[in-house]
Structures are given as C-alpha cells and as structure tokens.
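Read off the chains here:
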There are 2 protein chains.
Amino acid sequence: MTRVFNFSAGPAALPEPVLREAAAEMLDWHGSGMSVMEMSHRGKEFMGILAETKALLVELLQIPSNYKVLFLQGGAIGQNAIIPMNLLRGRTSADYVHTGEWSKKSIEEAQKYCTVRVAATAEASQYTHVPKQSTWDIDPNAAYVHICANETIGGVEYHWTPDTGDIPLVADMSSNFLSKPVDVSRFGLIYGGAQKNIGPAGLTLVIVRDDLIGQALPITPSVFDYRVLADNDSMINTPPTYAIYIAGLVFKWIKAQGGLAAMAELNRRKAAVLYDYLDATGFYTSPIAKEDRSLMNVPFRLPDPKLDAEFLKGAEARGMVQLKGHRVVGGMRASIYNAVPVEAVQALVAYMKEFEAARG
Amino acid sequence: MTRVFNFSAGPAALPEPVLREAAAEMLDWHGSGMSVMEMSHRGKEFMGILAETKALLVELLQIPSNYKVLFLQGGAIGQNAIIPMNLLRGRTSADYVHTGEWSKKSIEEAQKYCTVRVAATAEASQYTHVPKQSTWDIDPNAAYVHICANETIGGVEYHWTPDTGDIPLVADMSSNFLSKPVDVSRFGLIYGGAQKNIGPAGLTLVIVRDDLIGQALPITPSVFDYRVLADNDSMINTPPTYAIYIAGLVFKWIKAQGGLAAMAELNRRKAAVLYDYLDATGFYTSPIAKEDRSLMNVPFRLPDPKLDAEFLKGAEARGMVQLKGHRVVGGMRASIYNAVPVEAVQALVAYMKEFEAARG
C-alpha cells in the first residue's frame, strides 16, 4: 500500500491514524460485536459516540453554552436554503458579502426565500480580495449578514472577524472549519460541510445561537428546522451515524495534536512553504491579495495554460494528486487542510521548482 | 472479535463480507493511495464508483429507462417534505394511505405543503393490517397516492402492489427496499433511507418516473429539486460519497447471492422460522393480520410486559441484540433484513423456546 499526497479540495485527505482506527474497528466497535454502521442510532453505543463527538467539538471551539451544535445532512448548499428558512424571523431581507463562487451560490439560493442585498462585493478585483469592512453597507433591518469565511475555489479567506453589531453574522466555514481558533460568540451561526477538515461527505455542522431559532418559516421541512433538531439532539431522524463517528475520531486527532491553536500554527507553516515560493518565483503566479490569501486552498498558475496537463501528469507520477484548479478559475489549486502533512507541501514545492527549472 | 446477531430496525446489520472489504480498502482503494472518503466526488475514481453503484441498482431492480435514480441526503423523513415539494405539479392535494407510525409521519409533514386526504386507514385494527384496495377512496384530482410499503414499527407490509390508475403511486420502501423483486413501472416514485437493506445512514434513494419531475415548488431547495438532481447526476453538491460506496458493495453482495429473487426466497425462509413458531406457541403473540405480516420486521409480545427486561437480558447474554420493540407499540421486534443470516433467526427461536419452557 502506498498513500498519495492528496491535495483535493474536498472530500479531502483525512488523518491516517483516523483511517487506521476506523479500519480496525470496522467489524467490531469496542467489543460491541457490531460496526458503527450497524448500530441503532438510539442504542447506548451510538448515543455515547454522538455525545462524545459533540463534547469534543464544544471543547475544541470553546463553544459557549448559549449555542446549539447540530449535526445535519444536505451539505452547505442545502444550508443556503435552510438558513433563510430558519433565520429570517419575520424579516424580509438579508445581507450577503460576495467574495466569489461560494458566496454567489449562497446569494442565488437565498433569493428563493427573501430579498438579498449585497452589502459588499469583491467583484472589482475579480474576487481576489476580501472587501474591507469600511466598504460594507449593512442594512439595519437585515435578518443577518452572511459571509463565506473561506472561498474554496477562489482561495480567499477572512483573517479577521467582521463586526456586524446587533445583526447576526452567519458564516459558511465549510473549508476552514477547525483550521484555527474561532471566537464563536462573534457569530450568530457557523455552518459547514464536513468533507474538508472534519470527516466524510454527508455530514453538515451547524452551530447556532439559541435566541435565533424557533421562528422557522412554515414551509421548513421538519428535518431542517433548527428548533426541532435542537430539541431532539439532532435525532429527529436517523443522523449520518458513521460520518459522525469519523468526525469524532478526527476531533480526537485534532485534540491530540494540541487543539486548534496547534492546527493554526501548523497550517500557517504549511501555507508559508508554498506562498514563500510563489512570492519568490517569477514562473508561477498567485492572483490573490496577500493579506487575504487562504491558508487552506492555494490557487496558482503556470505561465501558460498549455503547460497545465504536463504539470499535473508529472505531479501524479510523483504521488501528488488532485491539484487541478476548479474549472471556473482554471490553473492549479493545492488544498492543504489540517490532515495534509507539511511533507506534502514540501514535496509539491520541490516538484514545482524542478518543473520550473526544466521549463522556465 | 465476536460478531453479534444484530436485530436492529435500522441502522441495521450489514453483510460481513462488505464490512471486510471496506476495512481492507480503507486506506487505499484499488491502488489509488486514498480512502474512498478522501476522494474528490468529481475525480475519476469516485465517478466510477457512482456509475457502477447506479448501474447495479438499475440491474437489480430492472429499473426502466424512463426512471431517474437519485442519491440524496436527508432520509425518508426529509423526503416526506421533498416529495410534495416536487410532485404536486400544480395540484393542491395528495392522497395518503395510513397504515401506522411511518405513514402518520408522512401525512403530518405533507400537510405543510398541500391538502392531505386519507384515502384509506388501518386505524380500526390499530394498524395491524393493510386496508384492502376495495376500501380505498382515491381522489381523481390527487397529485399522487402515498403508501408506506413496510411499516417498520408496526410490522405490516404490502405483499401486493396497489393499482392507482393514472395517479402516480408513491412508496416509502425504506425498510423493504431490495428485499424482493419490485415492478418499478407500477410506481411513480419509490424512496427509502439506506440504513436497512442498503448501507449506512445518511444516504437516501429516490427512483422517480421522469415525466413527474421538473415542476418543483419555487421554495424547493436546489439540492432537493429532483430535476436539478437528475440533470447533475445527483452531484448538485457533494453527495455522501462513502455511503454510496458501501451501498455499491452491498449491491454487489446481493447480486452475488442471486439477486432479488434469491433475497426474497431467503427472506421468506427466515421469516417463516419465526412466524411458524409464533403461530405454534401459546406463549408469545403476534398482533398482525397473517396476510399482511412484514418479512422484515417481526414484532411479538411476551404474555406479560414484566418479562420483557429478563427476555432482553437473556438474549444479550446469548449475543442477540437490539430486540426491544419500538416504544410506541412495546414488546419485542426482530428486524431480519437481507444481511441477517438464517442462523440468527434460528438462534432467536431456540432462545424463545428455552425462555418459554422456563417461564411458560
């Protein structure tokens, strides 16, 4: 067995010790005689797994007690509809900050349920920066202000937390969840798909301040009504039990690495290896404003798109996969989530230098 | 490692060879150097898994070409909302047949989106039978007629397919999916959560006739619009990739056993072991009308509920778990899905006899 260096934007690399533990426990979890996949979600074994997973997340993010932690299905794109369904609270409009492809999707979906105001946009820079807060035009009647904390496709990340006063701040953290400490109390709601830093696709996390829930639109499906979910501890129906179990193993792994402060330090170090080289080379280019560069997704371009296929082929031959950029922006993209080791980034930069020397 | 006999109603027992293969491939699927959990859903490896899984399902159920096979999230309870959102097609009401707890949930949820008419109900027998078709009062203007093909809690199953004429028949097959051959062409839509006969919780299957889709209500979330899903081959967002992979392994296992005809034969044989004994004993009772007994979920009662705890304790001591009935109906329930071997049912009956001899 040879493991590759996996730069996928998601579903993405998971910590190898997590996969080893999952494989070892596949037929018999802790002497239960069952796989976690085979357990009733209301049995004592899975109830224990769920409680531990939730407690670990609360500990890692230091989630205040007035927040509900919900495990859902449907992904972040599902939440793009479910958030307005739940958070409009009698209001008719919401503010969105447009920083790229993922904010665009959120904006389009929310328009089914309310008036969407774009409070700020990075359009002028072709979505290569985060609009400074001084340029934001927030509607005092907005139900909430929505941001995408990290644009997976564009490679733009907030390295600061917006101040939206009394208006709840809602953040899609799908691709930088658990990559660094976050002051949850600054947010009304944080959400994300699991398939980057948390676990398998099919699990969605929502952390929501409890005063914001309980006023869902009448058309909200019960399985997506935050109040119903909170009252049933995310068990209004069968939750994605195996994905929750894997998330729990990932949370334990993060804790063992030193928690989110250690993750942030590791992620800064990894990203620096790549960005330092991108700043030094005249061969590859990075279009993103330096202060807004994502530490999770690093897009870069070769001097000529005609070289892309050869670059990718050489990378694959060296065991580095899933480096192709999203079709919307083209070029390359290295996603370097928590579970991607520094050795992977070092190997990538070594190969980039080699390729530059041969083709530059 | 000792595996138990697992009678859980769901999530439920999976075939041991499937779990063994999943464990063996956990760190490196087919030489890819990645776990299936770590693969981009748009990469060639996972696209291959998805295509093969879908093709296997089409083959097993002989799904006609004018049906779409969709892989979703949100469970059958999610579908209780998503079905009216998609299938009302300008109509304002739908007919439901009430056969127990799961139909009741479907009825309650659909009332958010349309007028619900109960075309037939088993209330008079306390939901211990399926109402004969001659008693059904179908509204010719109904958008569809909804049935629960197998009531997991009550233990009542349709052993015939209703004829609803030109009105599309919609069936929740969560708990008897793939347990027997089904003539898909008799249905407008078949749906089910995966966590009984298919795979891990968090995957929902929908098989829908293509002329019924494309008229979703404007409030339908994009990820649950069947037209959008069909046009994007279930990839409007990241699907539950690992659950789909496990489902594919289960489909392969079913095929290797001889397909759905063989499954039906095996399931009849297993259920007969239990029902024959229930008919012979004067100790345990089964409340369900003989012709409507479920081959998947077999509820039974001891002569005195005070004996329940002792019965369950003795079962656990013999490696037989998750036999407690649902709190709504009480008593015991043995769920004997595809992956539960005949040896499990034989062991259960042997224990029931032993308990009867000691206590009867």
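Residues numbered from 1 in each chain as written. Chains lettered and ligands numbered in written order. Predicted model: local features only at pLDDT ≥ 70, side-chain atom pairs only at ≥ 80, totals over all residues. Heavy atoms only, no water.

Peer 1: Sorry, what's going on with the relation of the copies chain B and chain A here?
Peer 2: What connects the two chain copies is a rotation about an axis and a shift along it. With an RMSD of 0.0 Å, the fit of chain B onto chain A corresponds to turning through 180° and sliding 0.0 Å along the axis. Such values leave the two copies arranged in the relation of a two-fold axis. Residues of chain B ranked by C-alpha distance from the rotation axis are headed by Ala23 of chain B, positioned 2.2 Å from it. Residue by residue, 100% of the interface of chain B is reproduced at the interface of chain A, so both copies engage with the same surface. (Least-squares fit on C-alpha atoms with pLDDT ≥ 70 in both. Contact = heavy atoms within 4.5 Å.)

Peer 1: Would you mind going over the UniProt feature "modified residue: N6-(pyridoxal phosphate)lysine" (unreviewed entry) in chain A with me for this structure?
Peer 2: Residues and elements named next belong to chain A. In the numbering adopted here, UniProt assigns the feature "modified residue: N6-(pyridoxal phosphate)lysine" (unreviewed entry) to Lys196. Among the secondary structure elements, Lys196 is positioned in the loop between strand S9 (189–193) and strand S10 (204–209). Lys196 gets classed as buried once you look at its relative accessible area, which sits at 12%. Not counting chain neighbours up to four residues away, the residues in contact with Lys196 comprise Ala9, Gly10, Ala12, Ala13, Thr152, Ser174, Ser175 and Tyr337. A distance of 2.9 Å separates the side chain of Lys196 from the backbone oxygen of Ala9, its partner in a polar contact. (UniProt positions renumbered as here; feature names shortened; annotations may be inferred. Helix = DSSP H or I, 4+ residues; strand = E, 2+ residues; numbered from the N terminus. Buried < 20%, exposed > 50% of the residue type's maximum accessible area, 1.4 Å probe, protein only. Polar contact = N/O pair within 3.5 Å; in protein donor to acceptor, adjacent residues only side chain to side chain.)

Peer 1: Would you take a moment to explain helix H3 (residues 75–87) of chain A for this structure?
Peer 2: Side chains of residues three or four places apart in an α-helix project in the same direction, reflecting 3.6 residues per turn. Taking 1.5 Å per residue, 13 residues should reach 18 Å; H3 of chain A reaches 17 Å between its end C-alpha atoms and fits that length. Directly after H3 of chain A, the chain includes Arg89 of chain A, whose backbone phi takes a positive value near 50°. (Expected span 1.5 Å × (residues − 1).)

Peer 1: Would you explain the UniProt feature "binding site: pyridoxal 5'-phosphate" (unreviewed entry) in chain A in this entry?
Peer 2: Mapped onto the present numbering, the UniProt feature "binding site: pyridoxal 5'-phosphate" (unreviewed entry) falls at Trp102, Thr152, Asp172, Gln195, Asn237 and Thr238 of chain A. A stretch of 137 residues holds the annotated residues, and the largest C-alpha distance among them is 30.4 Å, long enough that they do not meet in one place. In this structure, Thr152 of chain A sits in the loop between strand S6 (150–151) and strand S7 (156–157). We classify Thr152 of chain A as buried; its relative accessible area is 6%. If near-sequence neighbours (up to four positions away) are discounted, Thr152 of chain A is found in contact with Ala9, Trp102, Ser175, Lys196, Asn297, Arg333 and Tyr337 of chain A. Locating Asn237 of chain A in the fold gives a position in the loop between helix H5 (226–231) and helix H6 (241–257). In this structure, Asn237 of chain A is in contact with His41, Gln73 and Val223 of chain A together with Gly74, Gly75, Ile77 and Gly78 of chain B, ignoring residues within four places of it in sequence.

Peer 1: Any chance you could explain helix H8 (residues 308–317) of chain A here in plain terms?
Peer 2: All names here are of chain A. For H8, the set of buried residues is Asp308, Phe311, Leu312, Gly314 and Ala315. In a view along the axis of H8, the buried residues occupy a sector of 165°, so they form one face of it. Exposed and facing more than 90 degrees away from the buried side of H8 are Ala309, Lys313 and Ala317. Against the buried residues of H8 lie strand S11 (297–300), strand S12 (320–321), strand S13 (332–335) and helix H9 (342–359). Looking one or two places after H8, you find Gly319, whose phi comes out positive at around 80°. (Arc of directions from axis to C-beta.)

Peer 1: Which parts of the structure should I look at to understand the packing of helix H3 (residues 75–87) of chain B against helix H4 (residues 101–110) of chain B?
Peer 2: All names here are of chain B. Running from N to C, H3 and H4 cross one another at 45°; their axes reach a closest spacing of 9 Å. Between H3 and H4, the interaxial angle falls into the category oblique. Considering the relative orientation of H3 and H4, their crossing is right-handed. Along its contact with H3, which presents Ile77, Asn80, Ala81 and Pro84, the element H4 presents Trp102, Lys105, Ser106, Glu109 and Ala110. The residue makeup of the contact of H3 with H4, split by class, is five nonpolar, two polar and two charged. (Axes fitted to C-alpha atoms, helices over the stretch in contact; angles between N-to-C directions. Parallel < 35°, antiparallel > 145°, perpendicular 65-115°, else oblique. Left-handed = near helix turned anticlockwise from the far one by under 90°. Nonpolar A, V, L, I, M, F, W, Y, C, P; charged D, E, K, R; others polar.)

Peer 1: What's the story with the nonpolar core in this structure? I'm lost.
Peer 2: Inside soluble globular proteins, nonpolar side chains tend to come together where they are buried. Tyr242 of chain A together with Tyr242 of chain B are the most contacted members of the largest nonpolar core, which has 129 residues in total. Once residues lying within four places of it in the same chain are set aside, the contact partners of Tyr242 of chain A are Ala22, Met26, Val36 and Met37 of chain A together with Met26, Met37 and Tyr242 of chain B. One finds Leu72 and Val223 of chain A together with Leu87 and Ile213 of chain B within the second-largest nonpolar core, a separate group that totals 65 residues. (Core = buried A, V, L, I, M, F, W, Y, C linked by side-chain atoms within 4.5 Å.)

Peer 1: Before we go on, may I ask you to explain the interface of chain B and chain A in this structure?
Peer 2: In many analyses, interface size is given as the accessible surface area lost on bringing the parts together. At the junction of the two partners, chain B supplies 61 residues and chain A supplies 61 residues. Counting the surface lost from both chain B and chain A, the interface buries some 4700 Å², and carbon and sulfur atoms represent 60% of this. By the criterion of area lost to chain A, the three top residues of chain B are Leu27, Met37 and Glu38 of chain B, representing 15% of everything that side buries. Applying the counting rule to chain B against chain A returns two salt bridges. Across the salt bridge formed by Glu38 of chain B and Arg3 of chain A, the nearest N and O atoms sit 2.7 Å from each other. (Buried area = accessible area lost by both parts, 1.4 Å probe. Salt bridge = Lys/Arg side-chain N within 4 Å of Asp/Glu carboxyl O.)

Peer 1: Which parts of the structure should I look at to understand the sheet that holds strand S2 (residues 67–72) of chain B?
Peer 2: Strands belonging to one sheet form pairs held by backbone hydrogen bonds; the direction of such a pair is parallel or antiparallel. Residue and element names in this part refer to chain B. An order of S2-S10-S9-S8-S5-S3-S4 is seen for the seven strands of this open sheet, with the pairing classed as mixed. A strand with exactly one partner marks an edge of an open sheet, and here the two such strands are S2 and strand S4 (115–121). When the angles between neighbouring strand axes are averaged without regard to direction, this sheet yields 20°. As paired strands, strand S3 (residues 93–98) and strand S5 (residues 145–148) are joined by two bridges and run parallel to one another. Each residue of the ladder has a partner; that of Tyr96, found in S5, is His146. Its contacts with the sheet put H3 on S2, S3, strand S8 (169–172), strand S9 (189–193) and strand S10 (204–209), and the angle it makes with S9 is roughly 155°. (Pairing = 2+ DSSP bridges.)

Peer 1: Would you explain the side chain of Ser175 of chain A in this entry?
Peer 2: Residue and element names in this part refer to chain A. For Ser175, the location among the structural elements is in the loop between strand S8 (169–172) and S9. Taking relative accessible area as the criterion, Ser175 reaches 1% and is therefore assigned buried. Side-chain polar atoms of Ser175 contact the side chain of Thr152, separated by 2.9 Å. Other than its neighbours up to four places away in sequence, Ser175 contacts Asn150, Thr152, Lys196, Asn197, Met296, Asn297 and Tyr337.

Peer 1: What is the right way to read the sheet that holds strand S4 (residues 115–121) of chain A from this model?
Peer 2: All names here are of chain A. With mixed pairing, the seven strands of this open sheet are ordered in space as S2-S10-S9-S8-S5-S3-S4. Each having just a single partner strand, strand S2 (67–72) and S4 make up the two edges of the open sheet. Strand-to-strand twist of the sheet, defined as the mean angle between neighbouring strand axes without regard to direction, takes the value 20°. Sheet topology places S2 next to S10; six bridges connect them, and they run antiparallel. For Lys68, the partnering residue across the bridge sits in S10 and is Val208. Seen against the sheet, helix H2 (residues 44–61) touches S2 and S10 and runs at an angle of roughly 130° to S2. Here H3 sits on the sheet in contact with S2, strand S3 (93–98), S8, S9 and S10, set at roughly 155° to S9.

Peer 1: I would appreciate a short explanation of the domain arrangement of chain A in the present structure.
Peer 2: All names here are of chain A. Per the domain assignment, the segments making up chain A are domain 1 (16–256) and domain 2 (259–359). One C-alpha centre belongs to domain 1, the other to domain 2; they are set 27 Å apart. Taken together, the contacts link 27 residues of domain 1 with 24 residues of domain 2. Surface buried jointly by domain 1 and domain 2 totals about 2100 Å² across both partners, of which 58% is contributed by carbon and sulfur atoms. For Glu291, the salt bridge goes to Lys132, with nearest N and O atoms at 3.7 Å. Looking at the side of domain 1 that touches domain 2, the elements that each hand over two or more residues are H2, S6, S7 and H6. With three residues, H6 is the largest single contributor of residues to the side of domain 1 that touches domain 2. Its residues assigned to classes, the side of domain 1 that touches domain 2 comprises nine nonpolar, eleven polar and seven charged. (Domains from an automatic or database assignment.)

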